[in-house]
Amino acid sequence: SDVCSSDLVANVADQPPKLTMWNVLQHKQLKARREKMENRSKVRIGMVRALNMYSTAPFFLGYFRSLGLDPKNLIFSDYTSEALYKEGANRGSIDPCFPSKVGIPHVHNLMARKHSAEKPLHYIFFPMIDSLPTFLEHSQAQRACPTVTATPEAVGAAFIKESNLFKERGLVYKKSFLEMDDVQATI
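Everything numeric in this text was worked out from a predicted model, so none of it was measured.

Draft legend 1. Spotlight on the overall build of the protein chain. A count of helical and extended segments in the protein chain gives 8 helices and 6 strands. Taking all 187 residues of the protein chain together, 39% fall into the buried category. Across the protein chain, the fraction of contacts at a sequence separation of at least 24, relative to all contacts at a separation of at least 6, is 71%.

Draft legend 2. Representation of the side chain of Asn-73 in the model. If you trace the backbone, Asn-73 turns up in the loop between helix 2 (53–66) and strand 2 (74–76). A residue is classified by how much of its surface remains accessible, and Asn-73, at 13% relative accessible area, is buried. Residues contacting Asn-73, with those up to four places away along its chain left out, are Ser-41, Lys-42, Val-43, Arg-44 and Ile-45.

Draft legend 3. The arrangement of helix 6 (residues 146–158) in detail. Given a rise of 1.5 Å per residue, 13 residues ought to cover 18 Å, and the 18 Å separating the end C-alpha atoms of helix 6 matches this to within 8%. Roughly 35 degrees is the biggest bend found in helix 6, and it falls at Pro-152. For helix 6, the elements touching its buried residues are helix 4 (98–101), helix 5 (103–114), strand 4 (128–131), helix 7 (165–168), strand 5 (172–174) and strand 6 (177–179).

Draft legend 4. Structural detail: the nonpolar core. Judged by nonpolar contacts, the single largest core of 20 residues is most densely connected at Val-107, Met-111, Ile-124, Phe-159 and Phe-166. Secondary-structure elements contributing two or more residues to this core are helix 5, helix 6 and helix 7. With 4 residues, the single largest contributor to this core is helix 5. In this structure, Phe-159 is in contact with Arg-91, Ile-104, Val-107, His-108, Met-111, Asn-164, Leu-165 and Phe-166, ignoring residues within four places of it in sequence. Membership of the second largest hydrophobic core comes to 15 residues, among which are Phe-60, Leu-61, Leu-74 and Ile-129.

Draft legend 5. A look at the packing of aromatic side chains. With the rule as written, the count across this model stands at 8 aromatic pairs. Where Phe-59 meets Phe-60, the ring centres are 5.3 Å apart and the plane angle is 75 degrees; that geometry is what we call edge-to-face. Using a relative accessible area of 41% as the deciding quantity, one classes Phe-59 as partly exposed. Geometrically, the ring pair formed by Phe-59 and Tyr-63 is stacked, given 6.3 Å between the ring centres and 10 degrees between the ring planes. Within this pair, Phe-59 and its partner Tyr-63 are both found in helix 2, separated by 4 residues, close to a single helical turn. Taken together, the aromatic side chains of Phe-59, Phe-60, Tyr-63, Phe-64 and Phe-125 make up a single cluster linked through ring pairs. A cation over a ring is seen here: Arg-49 above Tyr-79, with NZ or CZ 4.0 Å from the ring centre.

Draft legend 6. Region of interest: the confidence of the model for the protein chain. Here the protein chain shows a mean pLDDT of 84. Residues at 70 or above account for 83%. Below pLDDT 50 for its whole length, residues 1–6 participates in 8 contacts with residues either more than four positions away or in separate chains.

Draft legend 7. Looking closely at the pattern of salt bridges. In the structure shown here, the tally under the stated rule is 5 salt bridges. Across the salt bridge formed by Lys-114 and Asp-78, the nearest N and O atoms sit 2.8 Å from each other. A residue pair is termed long-range when its members are at least 10 positions apart, and Lys-114 in helix 5 and Asp-78 in the loop between strand 2 and helix 3 (82–88) qualify at 36 residues. For Lys-114, a relative accessible area of 22% corresponds to the partly exposed category. For Asp-78, a relative accessible area of 31% translates into the label partly exposed. The residue Arg-113 makes a salt bridge to Glu-87 at a minimum N-O spacing of 2.8 Å. A residue pair is termed long-range when its members are at least 10 positions apart, and Arg-113 in helix 5 and Glu-87 in helix 3 qualify at 26 residues.

Draft legend 8. Highlighting the packing of helix 5 against helix 6. Viewed as axis vectors pointing N to C, helix 5 and helix 6 meet at an angle of 55 degrees, and their least axial separation amounts to 9 Å. When the interaxial angle is binned, helix 5 and helix 6 end up oblique. For the element pair helix 5 and helix 6, the recorded crossing hand is right-handed. Residues Gly-103, Ile-104 and Val-107 of helix 5 lie in contact with helix 6, whose contacting residues are Thr-151, Val-155 and Ala-158. The residue makeup of the contact of helix 5 with helix 6, split by class, is 4 nonpolar, 2 polar and no charged.

The rules behind the values
Here the residue numbers are simple positions, counted from 1 along each chain's written sequence. pLDDT decides what is reported in this predicted model: residues at 70 or higher carry local features, side-chain atom pairs at 80 or more are listed and counted, and totals for whole chains, interfaces and linings draw on all residues regardless. Excluded from the side-chain calculation are hydrogens and water; included are all heavy atoms of the structure. Per the convention used, a helix needs a DSSP run of H or I reaching at least four residues, while a strand needs a run of E reaching at least two, with both numbered from the N terminus. Here's how the labels work: a residue is buried when its accessible area is under 20% of the maximum for its type, exposed when over 50%, partly exposed in between, all with a 1.4 Å probe on protein chains only. Note on definitions: a residue-residue contact is assigned when non-hydrogen atoms from the two residues lie within 4.5 Å. Expected span of a helix, by definition, is 1.5 Å for each gap between consecutive residues, and there is one gap fewer than residues. Throughout, bend refers to the angle between the axes fitted to the seven residues that end at a position and the seven residues that start at it. Definition of nonpolar core: a set of buried residues of the types Ala, Val, Leu, Ile, Met, Phe, Trp, Tyr and Cys, connected through side-chain atoms within 4.5 Å. Pairing of aromatic rings covers Phe, Tyr and Trp, the last counted by its six-membered ring, and requires centre-to-centre distances within 6.5 Å; plane angles under 30 degrees mean stacked, over 60 mean edge-to-face, and any other angle means tilted. Either the NZ atom of lysine or the CZ atom of arginine qualifies as a charge over a ring when it sits within 6 Å of the ring centre and within 35 degrees of the ring normal. For every residue, the predictor reports its confidence as pLDDT, a number between 0 and 100. What makes a salt bridge here is a side-chain nitrogen of Lys or Arg within 4 Å of a carboxyl oxygen of Asp or Glu, nothing more. A fitted line through C-alpha atoms serves as each axis, taken over the contacting stretch for helices, and the angle formed by two N-to-C directions is quoted from 0 to 180°. If an angle is under 35 degrees, it is roughly parallel; if it is over 145, roughly antiparallel; if it lies from 65 to 115, roughly perpendicular; otherwise it is oblique. Throughout, a crossing is termed right-handed when the near helix is turned clockwise from the far one, and left-handed when it is turned anticlockwise from it by less than a right angle. Following the grouping adopted for this structure description, the nonpolar residues are Ala, Val, Leu, Ile, Met, Phe, Trp, Tyr, Cys and Pro, the charged ones are Asp, Glu, Lys and Arg, and the polar ones are all others, Gly among them.

Here you go:
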């Protein structure tokens, strides 16, 4: 069953503001905010099915769900395959590390296969995850491989090298830097 589509995660998103005669001076700003909030259920986010996303995807699915996004609009790239790699690897290679090499083909897959005029993606989300939680006791750090952490940055550069393909296709590429083991940052 699809955990993301269940009601296990509470929706904590703000409700759209009500337009009243008392807030008429802020009417223009409130109306714009209300429209954005009402459209959030239509936002489609492409998510790369590679690297640390295998272990962190449940967190991100819950996070986006709690913000009011429709779980059906969280779209993963296809599973890694030889065909996926060959189709998207023409933008270069990051490193001899195969897990990092598939970053570019996965973003290409989202742009070429999951993004269309009928069902556009609005964002491609490929976070740079520096540290991960661990169940090991007495460990000092849980750092991700530096190559893996930097892969989303290198992938983004591959798609803006000659021209900004994200912008040309109406996409926003989000490569947020995250430390998943920092309890203070997640509260």
